[in-house]
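What the coordinates show
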Amino acid sequence: RSLVVVHFWAPWAPQCAQMNEVMVALAKEHTQVTFVKLEAEAVPEVSEKYGISSVPTFLFFKNSQKVDRLDGAHAPELTKKVQRHASSSSLSAGSNDSAKEDLNVRLKKLINAAPCMLFMKGSPKEPRCGKGFSKQIVEILNKHGISFSSFDIFSDEEVRQGLKTYSNWPTYPQLYVAGELIGGLDIVKELEASGELDTVCPKAQKLEDRLKSLINKAPVMLFMKGSKQTAKCGFSKQIIEIINNTGVDYETFDILEDEEVRQGLKTYSNWPTYPQLYVKGELVGGLDIVKELKQSGELLPILKGEN
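Definitions and limits used
Residues numbered from 1 in each chain as written. Predicted model: local features only at pLDDT ≥ 70, side-chain atom pairs only at ≥ 80, totals over all residues. Heavy atoms only, no water. Helix = DSSP H or I, 4+ residues; strand = E, 2+ residues; numbered from the N terminus. Domains from an automatic or database assignment. Contact = heavy atoms within 4.5 Å. Buried area = accessible area lost by both parts, 1.4 Å probe. Salt bridge = Lys/Arg side-chain N within 4 Å of Asp/Glu carboxyl O. Polar contact = N/O pair within 3.5 Å; in protein donor to acceptor, adjacent residues only side chain to side chain. Nonpolar A, V, L, I, M, F, W, Y, C, P; charged D, E, K, R; others polar. Pairing = 2+ DSSP bridges. Axes fitted to C-alpha atoms, helices over the stretch in contact; angles between N-to-C directions. Buried < 20%, exposed > 50% of the residue type's maximum accessible area, 1.4 Å probe, protein only. Arc of directions from axis to C-beta.

With that settled, the discussion passes to unusual backbone geometry. Residues Val55 and Pro56 are joined by a peptide bond in cis, for which omega reads -10°. Topologically, Pro56 is positioned in the loop between helix H2 (44–49) and strand S3 (57–62). In this structure, Pro173 follows Tyr172 across a cis peptide bond, with omega equal to 0°. If you trace the backbone, Pro173 turns up in the loop between helix H6 (157–167) and strand S7 (174–177). Of note in this structure, Lys280 is not a glycine but carries a positive phi near 50°. Inspection of the secondary structure assignment puts Lys280 in the loop between strand S11 (276–279) and strand S12 (282–285).

Turning next to the domain arrangement of the protein chain. When the domains of the protein chain are assigned, the result is domain 1 (3–87), domain 2 (98–200) and domain 3 (208–304). Inter-centroid distance (C-alpha atoms) of domain 1 to domain 2 is 28 Å. In this complex, domain 1 contributes 4 residues to the contact, which on the side of domain 2 involves 6 residues. Summed over both sides, the interface between domain 1 and domain 2 buries roughly 440 Å², with carbon and sulfur atoms accounting for 35% of that surface. Linking domain 1 with domain 2 are 1 salt bridge, by the criterion used here. In this structure, the salt-bridge partner of Arg84 is Glu158, at a minimum N-O distance of 3.2 Å. Taken together, the connections running from domain 1 to domain 2 amount to 1 residue pair in polar contact (both at pLDDT 80 or more). Considered class by class, the residues forming the side of domain 1 that touches domain 2 number no nonpolar, no polar and 4 charged.

Taken together, 4 strands build an open sheet; the order of strands is S10-S9-S11-S12 and the sheet is mixed. The open sheet has two edge strands with one neighbour each: strand S10 (251–254) and S12. Neighbour-to-neighbour, the strand axes of this sheet turn through a mean angle of 30°, independent of strand direction. By the bridge criterion, 4 bridges tie strand S9 (residues 220–224) to S11 in an arrangement that is antiparallel. Residue pairing in the sheet places Met221 in a bridge with Tyr278 of S11. The sheet strands contacting helix H9 (residues 207–215) are S9, S10 and S11, and the helix crosses S9 at an angle near 120°.

We now examine helix H12 (residues 287–296). For H12, every residue scored as buried is listed here: Leu287, Val290 and Leu293. Buried residues of H12, seen end-on, are gathered within an arc of 125° and therefore sit on one face of the element. The exposed residues of H12 that point more than 90 degrees off its buried face are Asp288, Glu292 and Gln295. Looking at the packing, one finds that the buried side of H12 touches helix H10 (234–246), S11, S12 and helix H13 (299–303). Backbone geometry just after H12 places Gly297 at a positive phi near 80°.

In structure tokens, the structure reads:
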């Protein structure tokens, strides 16, 4: 009946080992909470069921229901969530206010996560709305070539309930542009009928244009799983170590955060795997090629754009 915290981890990821130490400390402090470690790649069905695409990810369960999740190695956030869920059964009025404040901060972040944000039941590919409202709104946005990100309110009960109060709008789907609530399906239909929808919502950049501008965002661009700080696969980790040793400045793009880019770039560059390294908009290659260039001494001049 108490709180269960499940850590989806991988032995190759140093950030997971770090978070395991945090869990040991939390377990001493919260004896009533059960902490479990699951090797994400060893239980693919479970990882898939809960949408675990990177490690570390933490899921929180109460009475066998998923009540929360945390993606990434955020020790303070993990501590905060454990404290909040462990004490929510014995909440005093005072700490309730701070929980509400935390939620509002989180909702604001989510609403502003993309220029156009849709809070819906399910995902654009698989809407899960009995009356089909979520499906209809997705179809309208797609028909108009509108670029939007979405949040599945079924994945988070706290957000589902909290957003109704926060935005004073009792139903889903809810569409936000630039952090402001536009409304639900009826309003989107009205905007479509009056021709205003195209001016209100940001147009999707053609994927090819978007990929071009991403590849040219910095002289040296690395498309990888994770970021410079936390690589989320062994190959990405190795390529970062090699580039860091050259001392050359570079930027990264996390393909796990954007399925469209992840799939599109494979076709665009005719290179099926990640990481992918670009210099001045030209594909250099993946880890193996970077290793070869390092051995032959050509890597530094290439990164500096001298070759």
